[in-house]
Amino acid sequence: MTARILPGRPNGPVAGIAAGVLGLGVAELIAALARGTSPLLALGDRVIDLTPRWLKEAAVATFGTADKPVLLASVALVTLVLLGVAGALAVRRAALGAAMLLLLGAVDVAALLADRAGKGTMGIVALVIGLVVGITALVLLTRPLRESGGTATEAEAPDGFDRRRFLVAAAAVTAVGAAGGVGAKVVTGRRHPATRVAIPTAVSPAAPLPAGAELRIDGLTPHVTSVDDFYRIDIALLTPRVDVADYRLKIHGLVDNPVELTYEDLVAMPLYERRVTICCVSNEVGGDLIGNASWTGVRIRDVLKRAGVDPSADAVKSKGADGITIGTPLEALTDGRDALLAIAQNGEPLTQEHGFPVRMIVPGLYGYVSATKWLTHLEVTRFDDFRAYWTDRGWSAQGPIKTECRIDLPGDEVMAGERTVAGVAWAQHRGVSKVEVRIDDGPWQPATLATEDSVDTWRQWTFRWDATEGEHRIQARAYDRTGTPQTADEAPPAPDGATGYPTRVVTVG
């Protein structure tokens, strides 16, 4: 008996995926040409916005700075599966497949309507055109499958179903769609080329690094983190590209004189260079979502002074080109600390990934309330009058960084003998006064601190340990300059930063 080949399976899903890729490619290209929001990225952004806090924390803890590529891959995979379902439905009845694509399009329209950057209108127009193209392709690709009845062999198909011809057509449609997606990326890249800008000399350069601040121990975190190694946590699936020529920073709200500054206006103001350690609130105890760099920029208090702040204000709501809003205590921007509108990191212009052309750096506060990247707005306001992106999702409105430390050395397995325990400790804008180490359940013993750079940077520390054979537990704790130690109470990052002692279990052979 002749084996029965079902043209509708898997050919139907193949047709659905091919038609969907074509429709998406067309939509992405038109959106790019029209300077609208990418439909696919809008969907990804909406997924980020609707993801429960616990799941976001799990994603960051599991994937770290790779959480965005993983999310994009997940959205793409789910989309392909649903397109395959649309194709299978279209084999049975064209209207069912078209309805499935329309339903997927409606979901994407909702995402575009909620676009954080406010550019969803042209994205919707592009999506509608893409839907028309995709549905047309789906109907045409699945027509021979419907006519074959979805049950006949290739030889028995009434209209002579030719599977090879079908696959060639599906591949061609997919290739055209993929070309549209690549074209969209090329259009966006040409519109926003990587920009090299000159950074003027700071009127107040960073002080020379004190002798003894960098211990130079293999495996110990360097005092200054390179740009390539600096952590990146944000809500942007696609890094915003902002042209320097078009850049504007608006200072408004409860001010006497609203101000709009160009990039040239900013770099013409007095620039200050400071080393500051910044930390993500999602950093687990002992985690690596923290870094120390040299930042060059304009003092935020100088910019606010130009605008004239209303005495009733107690907050500044900042906004980035990725659409995020962040609320920062006004006091932290005006109390004399080195809060900057940074334009350079480690002596070089900011990279696109780290906020080019302008980002905020505020010592002593977690990034979710202070480190706005791709900065476009500073609105002077009151905490009672607004809710920022993260406070809407259950995080606290104000996020002072807690006193913490991390153990970098030794590794999980070492030989018996004298070994180095080492790490970094931080209590930004308060300063670290000491670090203590405990082996197993023994007494707390003082570690040796590196020379302090400033109260706004972390400090390296070391401890000499006479390691004996067996399994041992090493813990550490830091104290700030007020004499207050980091707490032993264990708490997750939400809602205002993780707490507890960093712990490392080491096997000594």
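Chemist: What should I look at first to understand the sheet that holds strand β11 (residues 404-409) in this one?
Modeler: Strands pair in a sheet through their backbones, by hydrogen bonds, and they do so in one of two ways: parallel or antiparallel. Ordered in space as β11-β13-β17-β16, the four strands form an open sheet in which the pairing is antiparallel. At either end of the open sheet lies a strand with only one pairing partner, and these are β11 and β16 (448-449).

Chemist: What is the right way to read the pattern of salt bridges from this model?
Modeler: Once the charged atoms of two side chains with opposite charge are near each other, the side chains can pair. Enumeration according to the criterion identifies 18 salt bridges in this entry. Here lysine 317 ties to glutamate 379 by a salt bridge, and the two come within 3.6 Å at their closest N and O atoms. Here lysine 317 is found in strand β5 (residues 315-320), whereas its partner glutamate 379 is found in strand β10 (residues 375-381), with 62 residues between them in sequence. The partly exposed category is assigned to lysine 317, whose relative accessible area is 23%. The exposure class assigned to glutamate 379 is partly exposed, which follows from its relative accessible area of 24%.

Chemist: Would you mind going over the sheet that holds strand β14 (residues 432-439) with me for this structure?
Modeler: Strand order in the open sheet formed by five strands is β12-β19-β18-β14-β15, with mixed pairing between adjacent strands. Edge positions in the sheet fall to β12 (413-414) and β15 (445-446), since each of these pairs with one other strand and no more. When β14 meets strand β18 (residues 470-480), the two strands line up antiparallel, connected through seven bridges. Note on β18: the bridge partner recorded for isoleucine 439 is isoleucine 474.

Chemist: Help me understand the packing of aromatic side chains in this model?
Modeler: Each aromatic ring pair is characterised by the separation of its centres together with the angle its planes make. In the structure shown here, the tally under the stated rule is seven aromatic pairs. Of the aromatic side chains, those joined through ring pairs into one cluster are Tyr368, Tyr389, Trp390 and Trp395. Of note, lysine 434 hangs over the ring of tyrosine 479, and the distance from its end group to the ring centre comes to 4.3 Å.

What counts as what
- Residues numbered from 1 in each chain as written.
- Predicted model: local features only at pLDDT ≥ 70, side-chain atom pairs only at ≥ 80, totals over all residues.
- Heavy atoms only, no water.
- Pairing = 2+ DSSP bridges.
- Helix = DSSP H or I, 4+ residues; strand = E, 2+ residues; numbered from the N terminus.
- Salt bridge = Lys/Arg side-chain N within 4 Å of Asp/Glu carboxyl O.
- Buried < 20%, exposed > 50% of the residue type's maximum accessible area, 1.4 Å probe, protein only.
- Phe/Tyr/Trp six-rings, centres within 6.5 Å; stacked < 30°, edge-to-face > 60°.
- Lys NZ or Arg CZ within 6 Å of the ring centre and 35° of its normal.

Just distances and angles here, no functional claims.
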